[in-house]
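Observations on chain architecture
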Amino acid sequence: MTLNRRDMLRAGVGVASFALTERLFVSPIMSQVAEARAARGYMLPKLPYAADALEPHIDARTMEIHHGKHHATYVENVNKALAEHPQLQQKDPIALLRGIEQVPSDIRQTVINNGGGHVNHSLFWNMMAPNAGGEPTGEVGRAIERAFGGFDKLKTAFNDAGMKRFGSGWAWLVVGRGGNLDVLSTANQDSPFMQGLSPVLGVDVWEHAYYLKYQNRRADYLAAWWNVVNWDYVNELYGQARA
Ligand code: MN3
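The paragraphs below set out a description of the structure included in this document.

Take the environment of Pro192 next. Along the chain, the position of Pro192 falls in the loop between β2 (181-187) and β3 (198-204). The class for Pro192 is buried, based on a relative accessible area of 0%. For the pair Pro192 and Trp172, spaced 20 residues apart in the sequence, the C-alpha separation amounts to 8.1 Å. Residues in contact with Pro192, not counting those within four places in the same chain, are Asn120, Trp172, Val174, Leu197 and Pro199.

Next up, the structure:
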């Protein structure tokens, strides 16, 4: 009788042998993701707050479905795609996206869609928090001032990127290779990591992110979303991207 990885996990084999060596993201949620994958593939991270914590800006039902169904499905599908590729499954999901050209062509688009979805959403939950929003703070606040000439100008550029994304995708604030901040939009679940960029703030503009509360009013969703931006986490990501 041979044991597959799931059997071994049930038996408690192999879990303790895992050592956390990658520290791309120091937040608990990303550590949780990293620790899980060695044993059983990527894992849906817990929301860092209650589903209703972002009310009234983001409603609880949207959070429940978005996290518990949409994000869960990305995790399930990327694990399925990588099931025959343990050497890829062991990579940090961000490293997987950064090296997307090394993923076999027959599963590459599936990994882009679902691995991208997993990483994008894992970041997104942390980029939001209750009792957050307001003006950007710290190092990233000063960098926004230098790069855009103020927070209002960043918001205009970012909202514009989100509004002009036709169909589904994301708007991002990223750190480029030269360490500069930039605003851009990606389609579907395409990750800025695939372009060698490091996202520090992103907003999901798929309809599933806002339709229950805002229906077709994406602009209203974007306006409200700034009230939940977690600048502490944005600063954390900014520091890591520049390190
Ligand atoms: Mn989404």
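Take the coordination of the manganese ion next. Listed as protein donors to the manganese ion are His66 (NE2), His121 (NE2), Asp204 (OD) and His208 (NE2); their distances from the metal cover 1.9 to 2.1 Å. Donor residues for the manganese ion, ordered by position in the chain, follow H-x54-H-x82-D-x3-H. Of the two residues, His66 is situated in helix α3 (residues 60-82) and His121 in helix α6 (residues 105-127); the sequence distance between them amounts to 55 residues. Here His66 falls in the buried class, since its relative accessible area comes to 1%.

For the rest of this paragraph, the subject is the pattern of salt bridges. For the structure on display, the rule yields six salt bridges. For the salt bridge of Arg142 with Glu139, the shortest nitrogen-to-oxygen distance reads 3.2 Å. Pair noted here: Arg142 and Glu139 are both in helix α7 (residues 138-148), with a separation of three residues, about one helical turn. The partner of Asp220 in a salt bridge is Arg217, and the shortest N-O contact between them spans 3.0 Å. Classification of Arg217 as partly exposed rests on a relative accessible area of 36%.

Bringing helix α10 (residues 218-225) into the picture now. Within α10 the residues assigned to the buried category are Arg218, Tyr221, Leu222, Ala224 and Trp225. Seen end-on, α10 carries its buried residues on one side only, within an arc spanning 165°.

The next point concerns the pairing of β2. Sheet analysis places strand β1 (residues 169-175) next to β2, joined by seven bridges and oriented antiparallel. When the bridges of β2 are listed, Val175 appears paired with Leu181. Taking the residues between adjacent antiparallel strands as the criterion, β1 and β2 are bridged by five residues, where Gly179 takes a positive phi near 90°.

Reading guide: rules and limits
Residues numbered from 1 in each chain as written. Predicted model: local features only at pLDDT ≥ 70, side-chain atom pairs only at ≥ 80, totals over all residues. Heavy atoms only, no water. Helix = DSSP H or I, 4+ residues; strand = E, 2+ residues; numbered from the N terminus. Buried < 20%, exposed > 50% of the residue type's maximum accessible area, 1.4 Å probe, protein only. Contact = heavy atoms within 4.5 Å. Donors = N, O, S within 2.8 Å, 3.2 Å for Na, K, Ca; no water. Salt bridge = Lys/Arg side-chain N within 4 Å of Asp/Glu carboxyl O. Arc of directions from axis to C-beta. Pairing = 2+ DSSP bridges.

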